[in-house]
Amino acid sequence: MPIGSNTKQAAELLGQGDLVAIPTETVYGLAANAYNPEAVLKIFQAKQRPAFDPLIVHVHGPEQAMEVADLRGLGEDMRRQAEALMARFWPGPLTLVLPKAKHVPDLVTSGLDTVAVRTPAHPMTLALLRSLEFPLAAPSANPFGYISPTTAQHVADQLGGKVPYILDGGPCTVGVESTIIGWDAQLRHWVLYRPGGLPVEEVEAVIGTVGRASRSVLPASPGMLESHYAPRKPVHIGNIAELMLEHAGKRIGAITFRNRYAVHALEVLSPQGDLAEAARHLFAALRRLDAGAAELIVAEIFPQEGLGAAINDRLKRAAARRDPRAIAS
Ligand code: TXA
Ligand code: MG
């Protein structure tokens, strides 16, 4: 199994245009040289990801971000806000969607004139990025539409045969993907494209109110695809006691925040009631239930604050695979 902690070997493979799975604080990424379209194409092939879904470019800091983004021509206020966000939250689980520099290949951004960029907070991957002369394009290292990996073994289980090397940095400490916000040039304000590992309240404390994207203003934001992050089994969200009645006689796997229920398989995400701990455990719990003997998965609605917003978002998308109406517009 090509799993290890040799960043030199990872750098060599990336330098010759191969893929490497990398640890980040959010989820594992499937990385390639962002400036090499042939290498980037391998990401889409390995994940079976549609080419209309753009990738996040990982950089070692603000300076390299300015190499992939082009903030000229934008207002002074917006530029200052982008810089303030980078200074405050990087390295960390915040992705910024900014106007793209010309030399970033269209394949990376799916032809959009914007690029998503972030600096991940993982020592191994930061060291790797600093040793390279190019940034890394990397989506989550899962087959398209499935649950994101939060351990090296998760990556090996599903993409093992397609990735020459998996850099093992231990289990992810945040456990849900980064928060994505972008500057909407038409609306002239910041918009939340995806709730994630950084509570949007913390972003708003720095730059003021961030608009909430609906699909009507964001037709080109595949991160908002309904059926994403989904296990193979049907997922239902709501009141667990009611769902148990509704599905009486079936083997139920349940995901809860801190409460216990007499079901076939129970995953309590945080007995202490800590939303950050719950987020860290979410994807591994979904995978265990998907792999076990339960026939369906039921999940509670989490408090819609802090990391609870990202947990609820992922659970809704997981449920949407079977029931597209589960997502209110
Ligand atoms: O935490 C994360 O963000 C992880 C780690 C590996 O960094 N990456 C990740 O990548 O979640 P991915 O590809 O699974 O999700 C990135 C999302 C996609 O849904 C894509 O639609 C959105 O970012 N995105 C990328 N570029 C964009 C752009 N220019 N405009 C709007 N959305 C964009
Ligand atoms: Mg993903």
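Rules used throughout
- Residues numbered from 1 in each chain as written.
- Chains lettered and ligands numbered in written order.
- Predicted model: local features only at pLDDT ≥ 70, side-chain atom pairs only at ≥ 80, totals over all residues.
- Heavy atoms only, no water.
- Buried < 20%, exposed > 50% of the residue type's maximum accessible area, 1.4 Å probe, protein only.
- Helix = DSSP H or I, 4+ residues; strand = E, 2+ residues; numbered from the N terminus.
- Arc of directions from axis to C-beta.
- Contact = heavy atoms within 4.5 Å.
- Domains from an automatic or database assignment.
- Buried area = accessible area lost by both parts, 1.4 Å probe.
- Salt bridge = Lys/Arg side-chain N within 4 Å of Asp/Glu carboxyl O.
- Polar contact = N/O pair within 3.5 Å; in protein donor to acceptor, adjacent residues only side chain to side chain.
- Axes fitted to C-alpha atoms, helices over the stretch in contact; angles between N-to-C directions.
- Parallel < 35°, antiparallel > 145°, perpendicular 65-115°, else oblique.
- Left-handed = near helix turned anticlockwise from the far one by under 90°.
- Nonpolar A, V, L, I, M, F, W, Y, C, P; charged D, E, K, R; others polar.

Trainee: Is there a simple way to think about helix H1 (residues 7-15) in this case?
Mentor: In an α-helix, one full turn covers 3.6 residues, which means residues spaced three or four apart are oriented alike. Turning to H1, its buried residues are Ala10, Ala11, Leu13 and Leu14. Take H1 and look down its axis: the buried residues cluster within an arc of 165°, on one side only. Away from its buried face, by an angle of more than 90 degrees, H1 presents the exposed residues Lys8, Glu12 and Gly15. Lining the buried residues of H1 we find strand E2 (20-22), strand E3 (29-33), helix H6 (123-131), strand E7 (136-137) and strand E8 (165-167).

Trainee: Explain the domain arrangement of the protein here, please?
Mentor: Taken domain by domain, the protein consists of domain 1 (3-212) and domain 2 (235-328). The centre of domain 1, based on its C-alpha atoms, is set 27 Å off from the matching centre of domain 2. Counting from both sides, the interface comprises 23 residues of domain 1 and, opposite them, 17 residues of domain 2. Of the roughly 1500 Å² buried where domain 1 meets domain 2, counting both sides, 56% is carbon and sulfur surface. Of all residues in domain 1, Ile147, Val176 and Pro195 give up the largest surface area on contact with domain 2, accounting jointly for 33% of the area buried on that side. Here domain 1 is connected to domain 2 by one salt bridge. Between Arg314 and Glu177 there is a salt bridge; the shortest N-O distance is 2.7 Å. The tally of links between domain 1 and domain 2 comes to eight residue pairs in polar contact (both at pLDDT 80 or more).

Trainee: Before we go on, may I ask you to explain the pattern of salt bridges in this structure?
Mentor: Oppositely charged side chains are able to pair whenever their charged atoms sit close together. Per the stated rule, a full pass over the model turns up 13 salt bridges. Measuring nitrogen to oxygen at the nearest pair gives 2.7 Å for the salt bridge that ties Glu76 to Arg79. In this pair, Glu76 and Arg79 both sit in helix H4 (residues 76-89), three residues apart, roughly one turn of the helix. For Glu76, a relative accessible area of 39% gives the class partly exposed. Two residues, Asp290 and Arg232, come together in a salt bridge whose shortest N-O distance is 3.9 Å. One end of the pair, Asp290, is in helix H10 (residues 275-291); the other, Arg232, is in the loop between strand E11 (211-212) and strand E12 (235-237), and 58 residues separate them in sequence. It is possible to trace a salt-bridge network through shared partners that takes in Glu76, Asp77, Arg79 and Arg80.

Trainee: How should I be thinking about the packing of H1 against H6 in this particular structure?
Mentor: Two packed helices can be described by the angle between their axes and the distance between those axes. Closest axis-to-axis distance for the H1/H6 pair is 10 Å, and the angle between their directions is 45°. What the angle tells us is that H1 and H6 run oblique. Once H1 is placed against H6, the crossing between them reads as right-handed. The residues of H6 that touch H1, namely those facing Thr7, Ala10, Ala11 and Leu14, are Met124, Leu128 and Ser131. Here the residues of the contact of H1 with H6 are counted per class, giving five nonpolar, two polar and no charged.

Trainee: Is there a simple way to think about the environment of Phe89 in this case?
Mentor: Relative to the helices and strands, Phe89 is located in helix H4. Between the C-alpha atoms of Phe89 and Pro120, which are 31 residues apart in sequence, the distance is 10.0 Å. If we skip the residues at most four places from it in the chain, Phe89 touches Leu94, Leu198, Glu202, Val203 and Val206.

Trainee: Explanation requested: the packing of H4 against helix H8 (residues 200-207) in the structure shown.
Mentor: Between H4 and H8, the least distance of the axes is 10 Å, while the angle of their chain directions is 130°. As summarised for this structure, H4 and H8 are arranged oblique, according to the angle between their axes. Once H4 is placed against H8, the crossing between them reads as right-handed. Contact with H4, carried on its side by Gln81, Ala84, Leu85, Arg88 and Phe89, involves Glu202, Val203, Val206 and Ile207 of H8 and no other residues of that element. When its residues are assigned to classes, the contact of H4 with H8 shows six nonpolar, one polar and two charged.

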